[in-house]
Amino acid sequence: MKTLRIIFTVLTISLFTFNGTSQVSGFLGKKNVISASLFMKSSFIMPNKNAKNGYFSFNDHYSIEFERVINRRFSIKVHGTTFDTKFNLVSNDNYNDQYLHDFSTKAIGMDFVWYKQSSLAPLGAYFSTGFDVFFNDVSIDTLKANLGTADYEYWLLGYQRVNTPNLSVIHAGINIKSGVKQIFLNCISFDLNFQLGAILTKSDLGEPVNNYNLGDENVIKERVGTRLWGHYLWGVNCSVGFVF
């Protein structure tokens, strides 16, 4: 809760600071955009919320965004996100449902958006950089995890049991996006962008943790970080909003 208060305070101060430096009226005098966004990517090597993977199985998340124009070429955007998915305690290459467990994520973040010289914020081609903080509620089926199969016996090192059925895990990441925003009927925005991202709080970048002596809570945190890395690494965002 303290972390949430700090982040909310930073976002609020940033919005008021940038608002005070606004120099132009924005698109037709409209400086604000509120929108709903869908993020999607194919689940090539990691399971989605339905425990599926492949070209036609998708990871997705849903966001509410608010963008504020600061000047002709610059805006700031804040967003809240939610999604559910699964992660594997044993190996990212094994999709046996026996090894998969659930986590639900809520995230908040901020993007700093630069529009091209020929654009007029919030209309046209742009580039952005930003960050997200992920609050993950993990649910472990300890009965399933402690069945004693060969894979789990290896992972648990001498039949050590998984004793953490529920865990709250926080991770943070940074991202860059490149996209184009169009405005129709002077009030409806359509935004399409491509995202690249990285999880900064994952100790073994992009790889599962191999030090199983850390204890089950730390291993779970690392495995969730690995799963977030795969989810956040790249994807396409599509959003529809109202300009005012």
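Here's what I pulled together on the structure shown here. Since this is a predicted model, take the numbers as computed values, not measurements. (Residues numbered from 1 in each chain as written. Predicted model: local features only at pLDDT ≥ 70, side-chain atom pairs only at ≥ 80, totals over all residues. Heavy atoms only, no water.)

1. So, unusual backbone geometry
So, point 1. The residue after Ala121, namely Pro122, is reached through a cis peptide bond having omega 5°.
So, point 2. In this structure, Pro122 sits in the loop between β4 (100-115) and β5 (124-139).
So, point 3. Backbone geometry at Leu185 places phi at a positive 55°, although glycine is not the residue there.
So, point 4. Mapped onto the secondary structure, Leu185 falls in the loop between β6 (166-184) and β7 (188-199).
So, point 5. Here Asn186, not a glycine, exhibits a phi torsion of approximately 65°, which is positive.
So, point 6. Mapped onto the elements, Asn186 comes out in the loop between β6 and β7. (Helix = DSSP H or I, 4+ residues; strand = E, 2+ residues; numbered from the N terminus.)

2. Some thoughts on the pattern of salt bridges
So, point 1. One pass over the full model with this rule turns up five salt bridges.
So, point 2. Residue Asp191 pairs with Lys77 through a salt bridge whose shortest N-O separation is 3.8 Å. Of this pair, Asp191 sits in strand β7 while Lys77 is found in strand β3 (residues 74-88), placing the two residues 114 residues apart along the sequence. Here the two residues Asp191 and Lys77 agree in accessibility, since each one is buried.
So, point 3. Here Asp111 and Lys177 are joined by a salt bridge, their closest N and O atoms 2.9 Å apart. Here Asp111, found in strand β4, pairs with Lys177, found in strand β6; they are 66 residues apart in sequence, far enough to count as distant. (Salt bridge = Lys/Arg side-chain N within 4 Å of Asp/Glu carboxyl O. Buried < 20%, exposed > 50% of the residue type's maximum accessible area, 1.4 Å probe, protein only.)

3. Remarks on helix α4 (residues 216-232)
Three or four residues apart is the spacing at which side chains of an α-helix point the same way, because the helix has 3.6 residues per turn.
So, point 1. With 17 residues, α4 should reach 24 Å at 1.5 Å per residue; the first-to-last C-alpha distance of 24 Å fits that figure.
So, point 2. The buried count for α4 comes to 14 of 17 residues, which makes it a mostly enclosed element. (Expected span 1.5 Å × (residues − 1).)

4. Describing the side chain of Ser239
So, point 1. Topologically, Ser239 is positioned in strand β8 (residues 234-243).
So, point 2. Once residues lying within four places of it in the same chain are set aside, the contact partners of Ser239 are Ser35, Ala36, Ser37, Glu65, Ser189, Phe190 and Asp191. (Contact = heavy atoms within 4.5 Å.)

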